[in-house]
Amino acid sequence: MIITLKKGASDAQIESLKTLLVSNKIEPRIWKGELETVIGCVGDIAHLDPGLIEALDVVETVQRIQEPYKAANRKFHPDDSVIDCTGVKVGGGAFSVIAGPCSVESEEQIVGIAKSVQASGATMLRGGAFKPRTSPYAFQGMGAEGIRLLSLAKKETGLPIVTELMDFKDIELFNDVDVIQIGARNMQNFNLLKEVGAYTKKPILLKRGMSATLQELLMSAEYIMASGNPNVILCERGIRTFETALRNTLDLGVVTYLHRLSHLPVVIDPSHATGHAYMVDSVAVAATAIGADGLIIEVHNDPPHAKCDGAQSQTPEMFAKTMERIKKVRSAL
Ligand code: PEP
Ligand code: MN
């Protein structure tokens, strides 16, 4: 952090600011120029609010030079993190495709889809049991029964299962779940992030909030990591913009940007990003080409009758073709 003082700052004011910084375990380095005085702060400023310093009478500007996240920061962890999802690796060159329906609907549905996506090369199975829906009248998911059916599908196929936790009170139902999803709507539910981070070291698939900046996404990852769980996978699923033609607006450059700032793997969700099944293939291929560490794709055996997100769900046949193209891109890279 660099603090620039106002012209005419008195020695007494500078001294009192110095005392404040030292009491916050920061070592101030002061340069007195002809026109202005600048203070360089050495030390951990994570617990200091730069806004408080900026509000002081004597201060002209405060510039942060360090990112406010440490655990998620590549500076302190130069190597890519490889997240182990019950044997399936994500990150550091390991690429994984999570596929399955938006929501679990029946044993026949989830086991059937699990087998078909596995045959096409998916390495994990997704399926929502607790669904965050815009309308309270829409299907809310099967809850505990949905998780039991996911477990059955895991027994049949061996695929690790990924499902969303909306409320920490349900955590005990997640014993057999391999990857816990924190959805876009809960990305800044800080209590949930702290609780899940302290309770388990299972991988957390953290989806970007629909109006969250990338720094906010990384700060949410930081909550989970600072609470004790280093196993976070970031998921970009598009954000809300003025555009209405697509469900969300997806910037694939995010993959490159997040890889630069953080060592955590980045997975792309082309289904929620576009909202249209016909677009999922090309966006999935592009995300693979740009260097994503994995994909999460919605696949349904009967999209027109899906209880949730049918319009963006690929059929197993579409998914098989997409997997073929992804494999070609992977081998070309
Ligand atoms: C989902 O994965 O089905 C979901 C609800 O995603 P998001 O939180 O990204 O909207
Ligand atoms: Mn969905």
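Structure's up top.
Predicted model, so just to flag it, every value in this text is computed and none were measured.

Trainee: I keep staring at the coordination of the manganese ion (ligand 2) and nothing clicks. Help me out?
Mentor: Each donor-metal-donor angle would ideally measure 109.5 degrees in four-coordinate tetrahedral geometry, or 90 or 180 degrees in six-coordinate octahedral geometry. At the metal site, the manganese ion (ligand 2) is ligated by Cys 102 (SG), His 272 (NE2), Glu 298 (OE) and Asp 309 (OD), and these contacts range over 2.0 to 2.4 Å. Taken in chain order, the donor set of the manganese ion (ligand 2) reads C-x169-H-x25-E-x10-D. Of this pair, Cys 102 sits in the loop between β7 (96–100) and α3 (107–120) while Asp 309 sits in the loop between β14 (294–298) and α10 (316–332), placing them 207 residues apart in sequence. Residues Cys 102 and Asp 309 agree in their burial class; the two are buried.

Trainee: So what exactly am I meant to see when it comes to the site of ligand 1 here?
Mentor: Around ligand 1, 13 residues are found, and the nearest of them are Arg 126, Lys 131, Ala 184, Arg 185 and Arg 237. Here an oxygen atom of ligand 1 sits 2.8 Å away from a polar atom, N or O, in the side chain of Lys 131. Within the contact set of ligand 1, an oxygen atom lies 2.9 Å away from a side-chain nitrogen or oxygen of Lys 207. Relative to its free-state accessible area of 300 Å², ligand 1 is covered by the protein chains to the extent of 97%. Residue classes in the shell around ligand 1 are distributed as three nonpolar, three polar and seven charged.

Trainee: Hey, could you run me through the pattern of salt bridges in this one?
Mentor: If the charged atoms of two oppositely charged side chains come close together, the side chains can form a pair. For the coordinates displayed, the defined rule picks out 17 salt bridges. Put simply, Lys 154, Asp 176 and Asp 178 are held in one network by salt bridges that share partners.

Trainee: Explain the packing of aromatic side chains to me, please; I cannot follow it from the model alone.
Mentor: The relative placement of two aromatic rings is captured by the distance of their centres and the angle of their planes. Following the criterion strictly, the structure yields three aromatic pairs and no others. Where Phe 168 meets Tyr 199, the ring centres are 5.5 Å apart and the plane angle is 85°; that geometry is what we call edge-to-face. In this pair, Phe 168 is assigned in the loop between β9 (161–164) and β10 (179–182) and Tyr 199 in helix α5 (residues 190–199), connecting sequence segments 31 residues apart. For Tyr 199, a relative accessible area of 43% translates into the label partly exposed. Ring geometry for Phe 190 and Tyr 223: centres 4.6 Å apart, planes at 25°, overall stacked. Separated by 33 residues along the polypeptide, Phe 190 in helix α5 and Tyr 223 in helix α6 (residues 214–226) bring together distant segments of the chain. With relative accessibility at 30%, the residue Phe 190 sits in the partly exposed group. Cation over ring: Lys 307 sits above Phe 139, and NZ or CZ is 5.0 Å from the ring centre.

Trainee: Mind showing me how you'd approach helix α1 (residues 11–23) here?
Mentor: An α-helix turns once every 3.6 residues. As a result, residues three or four positions apart point the same way. The terminal C-alpha atoms of α1 lie 18 Å apart, and with 13 residues this matches the ideal 18 Å at 1.5 Å per residue to within 8%. Listed as buried for α1 are Ile 14, Leu 17 and Leu 21. Take α1 and look down its axis: the buried residues cluster within an arc of 65°, on one side only. Exposed residues lying more than 90 degrees from the buried face of α1 are Asp 11, Ala 12, Thr 19 and Ser 23. Residues of α1 that are buried in the fold lie against β1 (2–5), β2 (27–32), β3 (37–42), α2 (50–54) and β4 (59–63). Where α1 ends, the next residue or the one after it, Lys 25, has phi of about 65°, a positive value.

Trainee: Can you walk me through helix α4 (residues 144–157) in this structure?
Mentor: In a regular helix each residue adds 1.5 Å, so 14 residues correspond to 20 Å; α4 covers 20 Å between its end C-alpha atoms and thus fits that length. Within the sequence span of α4, burial applies to Gly 146, Ile 147, Leu 149, Leu 150, Ser 151, Ala 153, Lys 154 and Thr 157. Elements that come into contact with the buried residues of α4 comprise α3, β8 (124–126) and β9. Backbone geometry just after α4 places Gly 158 at a positive phi near 85°.

Calculation criteria
- Residues numbered from 1 in each chain as written.
- Chains lettered and ligands numbered in written order.
- Predicted model: local features only at pLDDT ≥ 70, side-chain atom pairs only at ≥ 80, totals over all residues.
- Heavy atoms only, no water.
- Donors = N, O, S within 2.8 Å, 3.2 Å for Na, K, Ca; no water.
- Helix = DSSP H or I, 4+ residues; strand = E, 2+ residues; numbered from the N terminus.
- Buried < 20%, exposed > 50% of the residue type's maximum accessible area, 1.4 Å probe, protein only.
- Near = heavy atom within 4 Å.
- Polar contact = N/O pair within 3.5 Å; in protein donor to acceptor, adjacent residues only side chain to side chain.
- Areas by Shrake-Rupley, 256 points an atom, 1.4 Å probe, with all protein chains shown as cover.
- Nonpolar A, V, L, I, M, F, W, Y, C, P; charged D, E, K, R; others polar.
- Salt bridge = Lys/Arg side-chain N within 4 Å of Asp/Glu carboxyl O.
- Phe/Tyr/Trp six-rings, centres within 6.5 Å; stacked < 30°, edge-to-face > 60°.
- Lys NZ or Arg CZ within 6 Å of the ring centre and 35° of its normal.
- Expected span 1.5 Å × (residues − 1).
- Arc of directions from axis to C-beta.
- Contact = heavy atoms within 4.5 Å.

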